[in-house]
Amino acid sequence: MTHSSTPNIAITPLLNVQGLNAWYGAAQVLFDADLQVTRGEVVALIGRNGAGKSSTLKAIMGLMPRRTGRVVFAGHDISNAEPYQAARLGLGYVPEDRRIFTDLTVLGNLQVGAQAKRRLADKLASDSAAPQWSVEKIFALFPNLAPMQHRLASHMSGGEQQMLTVARTLMGNPQMVLLDEPSEGVAPVIVEQMAEMILALKGQGMGVLLSEQNTHFAQWVSDRSYRLDRGVLTA
Ligand SMILES: Nc1ncnc2c1ncn2[C@@H]1O[C@H](COP(=O)(O)OP(=O)(O)OP(=O)(O)O)[C@@H](O)[C@H]1O
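These remarks concern the structure in this document.

Cut-offs applied
- Residues numbered from 1 in each chain as written.
- Predicted model: local features only at pLDDT ≥ 70, side-chain atom pairs only at ≥ 80, totals over all residues.
- Helix = DSSP H or I, 4+ residues; strand = E, 2+ residues; numbered from the N terminus.
- Buried ≥ 20, exposed ≤ 12 C-beta atoms within 10 Å, placed from the backbone.
- Contact = placed C-beta atoms within 7 Å.
- Near = placed C-beta within 6 Å.
- Nonpolar A, V, L, I, M, F, W, Y, C, P; charged D, E, K, R; others polar.
- Pairing = 2+ DSSP bridges.
- Core = buried A, V, L, I, M, F, W, Y, C linked by C-beta atoms within 7 Å.

1. So, the overall build of the protein chain
(1) Moving on: Broken down by element type, the protein chain carries eight helices and ten strands.
(2) Moving on: Within the protein chain, the fraction of its 235 residues that count as buried is 43%.
(3) Moving on: Of the contacts made within the protein chain by residues no fewer than 6 positions apart, 74% connect residues no fewer than 24 positions apart.

Next comes the structure, spelled out in structure tokens:
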């Protein structure tokens, strides 16, 4: 007889999506998608404009008008959960369009995103699996945000705002993040910092699922990828 104390933690995916379908009104945009992401893994969704990448991330997060199928995150069935409930369990979501408070400073945006330490949200592992972020740690991860911490967010470039959106999401101490096209429309120097940031999150044991049109970027940062074509996902 063999015994192993933690086999489920190693093999159970952090995110397990099975048979996911999603619609906008009568139009189905995602068909029977299966995908998994484990802890410390970066997975890319690659596809052209309109292939359904954003819709897939929104369907996982519970942001589509209608979805069916099964979504399990950190051992919790979130198939019918509201987006805020998924977020409370430690699933972070960074949309394509920047969501920052333009009237607040960089520091103000980070403070708004801060959350208390999450306890016992993960049925599969101890809560130490989710890194705990502070403003200092965020500035270490995004060095170019530090010198502009007192600047109004409205006075930042698009790429810097994109970084701040990611940084603010991290302040909620997620176990995993869904990143919608992190490299889109940002300057090469910021693309590089985004890649380093994603690899740092992986290094801390977080799961990352990102959508990308830029296959070069996706191959650079990801361990695996899925291809999406007209709402159909293939490994
Ligand atoms: N709010 C919406 N209402 C109706 N249809 C939509 C809506 N948003 C997207 N769609 C349609 O859903 C399909 C998938 O779009 P989605 O945005 O998920 O693709 P994508 O791969 O993320 O592309 P992009 O990179 O352009 O965002 C497309 O046919 C698109 O036209």
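2. Observations regarding the site of the ligand
(1) Moving on: In the vicinity of the ligand, the contacting residues are Tyr24, Ala27, Val29, Gly47, Asn49, Gly50, Ala51, Gly52, Lys53, Ser54, Ser55 and Gln213.
(2) Moving on: Mapped by element, the contributors of at least two residues to the shell around the ligand are β2 (27-37) and α2 (53-61).
(3) Moving on: Ranked by residue count, the leading element in the shell around the ligand is α2, at three residues.
(4) Moving on: In terms of residue class, the shell around the ligand is built from four nonpolar, seven polar and one charged.

3. Points about the pairing of strand β3 (residues 42-46)
(1) Moving on: Taking burial as the measure, the five residues of β3 include five buried ones, the bulk of the element.
(2) Moving on: Side chains Val42, Ala44 and Ile46 project from β3 onto one buried face, and the interleaved Val43 and Leu45 project onto a second face that is buried too.
(3) Moving on: Bridge analysis of β3 against strand β8 (residues 207-212) gives five bridges, and the strand direction is parallel. Bridge pairing in β8 places isoleucine 46 opposite glutamate 212.
(4) Moving on: Looking at chain direction, β3 and strand β9 (residues 224-229) are connected through four bridges and run parallel. Counted as the bridge partner of alanine 44 is serine 225 from β9.

4. Describing the nonpolar core
(1) Moving on: Of all hydrophobic cores here, the largest spans 64 residues; its most connected members are Ala167, Leu178 and Val208.
(2) Moving on: The leading source of residues in this core is helix α7 (residues 188-203), at six residues.
(3) Moving on: With sequence-adjacent residues up to four places away left out, leucine 178 is seen in contact with Leu57, Ile60, Met61, Gly92, Tyr93, Val94 and Leu209.

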